[in-house]
Amino acid sequence: FGQVSCSPPLMGLCGERNVAISFLSERGKFYARVQGPVSGNVLLRREQYRRADDLDTSANVARMMVMGKAANCRAVLMRAARDYPDSTDAPAVEAAVSRLGHLINDLRKPQPLDQVRGMEGDGARVYFGVFNHLITAQKEGFFFRERSRRPPLDNLNAMLSFVYTLLVHDAAAALETVGLDPAVGFLHRDRPGRPSLALDLMEELRPVLADRVVLTLINRQQVKAEGFRTTETGAVLMNDLTRKEVILAYQTRKQEEILHPFLDEKVEIGLLLHVQALLFARFLRGDLDAYPPFLWK
């Protein structure tokens, strides 16, 4: 982020070891990414393009991804309800948990792609509708009314957008590492300049990785409202110290281990995107009957 240089030998070493380097402005605007040679083969990418063009296949893949996202959102809310059972906000959170449960059951049945997208939007509205209840400290400085993206209009949205930026670049790097094209998605359709498949892949990990990091930083008071400023246009930005604190928490979270439910093995959270990208490639090759989303327990 910002005015940071990287020597050619270091970039070469990162390329050899499949480590992507993303260059962004201090505000998180993407400039460029240095990536080593694309692994995999052209047959895998051609299969990706064929499957993405088939609406039925796209709908089934998108359904699995949205189901994973809804289940992980529900798990975040269930954990909050369990940690604060006596909270006055508990009934609203429990109602959201119930609604997400019904949504997940509906997603178990085949649905048209547009219907899947609509259900994803419904699930996001239910989840973010009670997101403010998950904040247990510094409520005057950190509150959530609605999701605002470009630009973020409050401190919490500024943190969410920043961590989502980190997550989407990690997802794009993971996809390129296994030989997939980050631009050709299934839930998110093609749009110039948009890493649609990376956005697909990150959906199920937003609640587990990004949202949990942001909530922990606020509730443990590791970030303060004084670390944010509002520009003349109304956009809310983090200062350097706050941004470094967020990056540190994000990287620390990635080093924690978690049991992967499909592999039944412990993996570092930072490797989940790579694991899911590899599973998606195996699905496209025909080694798996369906794409298995990551489900947090």
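Each remark here, short or long, concerns the structure printed above.
Residues numbered from 1 in each chain as written. Predicted model: local features only at pLDDT ≥ 70, side-chain atom pairs only at ≥ 80, totals over all residues. Heavy atoms only, no water.

Below, the discussion takes up the nonpolar core. Leu77, Phe131, Met159, Leu180 and Phe280 are the most contacted members of the largest nonpolar core, which has 93 residues in total. Here this core takes 15 residues from helix α3 (residues 55-83), the largest share from any one element. Beyond its immediate sequence surroundings of up to four residues, Phe280 is in contact with Val61, Met65, Leu180, Phe186, Leu197 and Tyr291. (Core = buried A, V, L, I, M, F, W, Y, C linked by side-chain atoms within 4.5 Å. Buried < 20%, exposed > 50% of the residue type's maximum accessible area, 1.4 Å probe, protein only. Helix = DSSP H or I, 4+ residues; strand = E, 2+ residues; numbered from the N terminus. Contact = heavy atoms within 4.5 Å.)

For the rest of this paragraph, the subject is empty space enclosed by the protein. Inspection of every chain in the model, using the stated rule, returns two cavities of 30 Å³ or more. Here the largest cavity is characterised by a volume of approximately 50 Å³. Val66, Lys69, Ala70, Cys73, Leu100, Leu103, Met119, Glu120, Gly123 and Ala124 are the residues that line the largest cavity. Listing elements by their share of the lining of the largest cavity, those giving two or more residues are α3, α4 (90-107) and α5 (113-129). Roughly 30 Å³ of internal volume is contained in the second largest cavity. Along its surface, the second largest cavity is lined by Asp170, Leu205, Leu209, Tyr250, Lys254, Ile269, Gly270, Leu272 and Leu273. For the lining of the second largest cavity, the secondary structure elements donating two or more residues are α9 (240-254) and α10 (272-285). Each residue belonging to the lining of the second largest cavity can be placed in one class, and the counts come to six nonpolar, one polar and two charged. (1 Å grid on protein atoms, 1.4 Å probe; cavity = no way out; pocket = protein on both sides within 12 Å on 5 of 7 lines; lining within 4 Å. Points joined across faces, edges and corners; volume = space filled by probe spheres on them. Nonpolar A, V, L, I, M, F, W, Y, C, P; charged D, E, K, R; others polar.)

Further remarks concern the pairing of strand β6 (residues 265-268). Relative to β6, strand β5 (residues 257-260) runs antiparallel, the two sharing four bridges. Residue pairing for β6: Leu259 is matched across the bridge by Lys266. Adjacent in sequence and paired antiparallel, β5 and β6 are bridged by four residues, among which Asp264 carries a positive phi angle near 60°. (Pairing = 2+ DSSP bridges.)

For the pair helix α2 (residues 42-53) and α10, the least separation of the axes is 9 Å and the interaxial angle reads 80°. On the basis of their axis angle, the class for α2 and α10 is roughly perpendicular. Taken together, the residues of α10 that come into contact with α2 (itself represented by Leu44, Glu47, Gln48 and Arg51) are Ala281, Phe283, Leu284 and Arg285. Among the residues forming the contact of α2 with α10, the class breakdown is four nonpolar, one polar and three charged. (Axes fitted to C-alpha atoms, helices over the stretch in contact; angles between N-to-C directions. Parallel < 35°, antiparallel > 145°, perpendicular 65-115°, else oblique.)

Let us now look at the packing of helix α8 (residues 206-219) against α9. Close contact between α8 and α9 brings their axes to 10 Å; oriented N to C, the two are set at 130°. It follows that α8 is oblique to α9 by the angle criterion. The hand of the α8/α9 crossing is right-handed. Listed contacts from α9 to Val208, Leu209, Val213 and Leu217 of α8 are Glu245, Val246, Ala249, Tyr250, Arg253 and Lys254. A breakdown of the residues in the contact of α8 with α9 according to their chemical character gives seven nonpolar, no polar and three charged. (Left-handed = near helix turned anticlockwise from the far one by under 90°.)

Moving on, we come to the pattern of salt bridges. Within the structure shown, the criterion is met by 11 salt bridges. Here Asp170 makes a salt bridge to Lys254, at a shortest N to O gap of 3.0 Å. Of this pair, Asp170 sits in helix α6 (residues 155-177) while Lys254 sits in helix α9, and the two are 84 residues apart along the sequence. For Asp170, a relative accessible area of 23% puts it in the partly exposed group. Accessibility expressed as a relative area gives 15% for Lys254, which makes it buried. With a closest N to O distance of 2.4 Å, Asp240 and Arg243 form a salt bridge. (Salt bridge = Lys/Arg side-chain N within 4 Å of Asp/Glu carboxyl O.)

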